[in-house]
Amino acid sequence: MTKTNLITGFLGSGKTTTIRHLLANKPQNERWAVLVNEFGEIGIDGALLADSGAVLKEIPGGCMCCVNGLPMQVGLNMLLQQAKPDRLLIEPTGLGHPKQILALLSQETYGGWIELLATICLLDARQLSEPRYRENENFRDQLAAADIIIANKMDTWQPHDVQALEEWQAQNGHQRPLHRIEHGRMESKLLDLPRTNYAELPDAHHHHAQSKTQGLAALRLPENARWRRALNQGQGFVSCGWIFDNDTLFDTIGMMEWIRLAPVDRAKAVVRIAEGSLLINRQGQDLNIETRPTAPLDSRIELIHGGEADWNALQSALFKIRLG
Ligand SMILES: Nc1nc2c(ncn2[C@@H]2O[C@H](COP(=O)(O)OP(=O)(O)O)[C@@H](O)[C@H]2O)c(=O)[nH]1
Ligand SMILES: [Mg+2]
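Scoring rules and cut-offs
Residues numbered from 1 in each chain as written. Chains lettered and ligands numbered in written order. Predicted model: local features only at pLDDT ≥ 70, side-chain atom pairs only at ≥ 80, totals over all residues. Heavy atoms only, no water. Patch = residues over 30% accessible without salt bridge, like charges linked within 9 Å, V, L, I, M, F, W, Y side chains within 5 Å. Areas by Shrake-Rupley, 256 points an atom, 1.4 Å probe, with all protein chains shown as cover. Salt bridge = Lys/Arg side-chain N within 4 Å of Asp/Glu carboxyl O. Buried < 20%, exposed > 50% of the residue type's maximum accessible area, 1.4 Å probe, protein only. Pairing = 2+ DSSP bridges. Helix = DSSP H or I, 4+ residues; strand = E, 2+ residues; numbered from the N terminus. Core = buried A, V, L, I, M, F, W, Y, C linked by side-chain atoms within 4.5 Å. Contact = heavy atoms within 4.5 Å. Donors = N, O, S within 2.8 Å, 3.2 Å for Na, K, Ca; no water.

Asker: Just to check I follow, could you spell out a nonpolar patch on the surface for this structure?
Answerer: A contiguous nonpolar surface patch, about 300 Å² in accessible area, is contributed by Leu70, Val74 and Met78. For Met78, a relative accessible area of 43% translates into the label partly exposed.

In structure tokens:
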């Protein structure tokens, strides 16, 4: 049986960062697998988790319970049967539906394969003070479905964020453990806590994906295409992603500035630069930049925004920082 945890949390709360931390500290003799599900069509978290020593499976293009019914189940079965991981960490999109995902994982099909343990929800205390987050159905459902709350990004909180967290906990904590951490440095032993929260959640309003692609098709470029872009929308958010072929090279400084200044909530990129790969991950003002000496297979960029966005203007600026 594969010990399985759902790692939930709203957009940019630190799920991937936490999973990377957990993988870096996993027992060496254990095989771990990660299933990442992204809102955008262009999978990027997979690239952010590459080299982490886990067996990876990506599901782009919307909440896994909405878009990927059968392909997702087949993919998960194959992952469990072929890799036989000791542990599986599942990162649903920040706009995912925890109730449906938990129901899916509790199906009889997985009975012999999955031991479902604690659901862990990442929370950035600053998001509690922003009505567009606090009042978002997915944000609330994820917190309501969790067994353990991990309040992350402590380094960024102001006194009023701590106060908002304490008020939230008094009203919504229900005696669930709440740990305060930063940079995803969660204790691995929390993964072994059982599922205890069987609270009845309201049925989420199901928003089926607008995308025409299904399953993992969006992950590749069509033959002979140099680039493509893919849009997605749902739950009040829109996303735009681009994939560029292996020959396309970007200007390093230009790309960092383009991501930093893009007027959107969330931006992620793994692109090819002269020195190898440039990985950028931005949530609001929180920015993480890394370079790696090896070139990626292709370049991927994904923007997510909770409002109107001028993708064409952003795209024109993006094309100007292409070097080849
Ligand atoms: N300042 C700060 N930034 C963080 C912390 N944890 C994550 N981040 C940054 O927040 C952004 C989103 O993190 P990520 O793990 O990708 O979030 P996800 O969307 O929930 O998977 C990235 O730029 C991270 O580097 C933290 O504790 N403090
Ligand atoms: Mg992530």
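Moving on from the model shown.
Asker: Can you walk me through the pairing of strand β9 (residues 227-234) in this structure?
Answerer: Looking down a regular strand, the side chains alternate between one sheet face and the other. Sheet topology places β9 next to strand β10 (residues 237-244); eight bridges connect them, and they run antiparallel. Pairing of Leu231 across the sheet is with Cys240, part of β10. Here β9 hands over to β10 after two residues, with Gln235 in that stretch at a positive phi of 55 degrees.

Asker: Could you clarify how one ought to interpret the nonpolar core in this entry?
Answerer: Across soluble globular proteins, nonpolar side chains have a tendency to be buried as a group. One finds Leu35, Leu76, Leu88 and Leu105 to be the most contacted residues of the largest nonpolar core, which totals 23 residues. Residues contacting Leu76, with those up to four places away along its chain left out, are Leu35, Lys57, Leu88, Leu105, Tyr110 and Ile114.

Asker: I would appreciate a short explanation of the coordination of the magnesium ion (ligand 2) in the present structure.
Answerer: Reference geometry at the metal: tetrahedral coordination by four donors gives ideal angles of 109.5 degrees; octahedral coordination by six donors gives 90 or 180 degrees. For the magnesium ion (ligand 2), the full set of protein donor atoms is Thr16 (OG1), Asp45 (OD) and Glu91 (OE), at a range of 2.1 to 2.2 Å. Between consecutive donor residues of the magnesium ion (ligand 2), the sequence gaps follow T-x28-D-x45-E. Separated by 46 residues along the polypeptide, Asp45 in helix α2 (residues 45-49) and Glu91 in strand β4 (residues 87-91) bring together distant segments of the chain. As far as burial versus exposure is concerned, Asp45 and Glu91 are alike and both buried.

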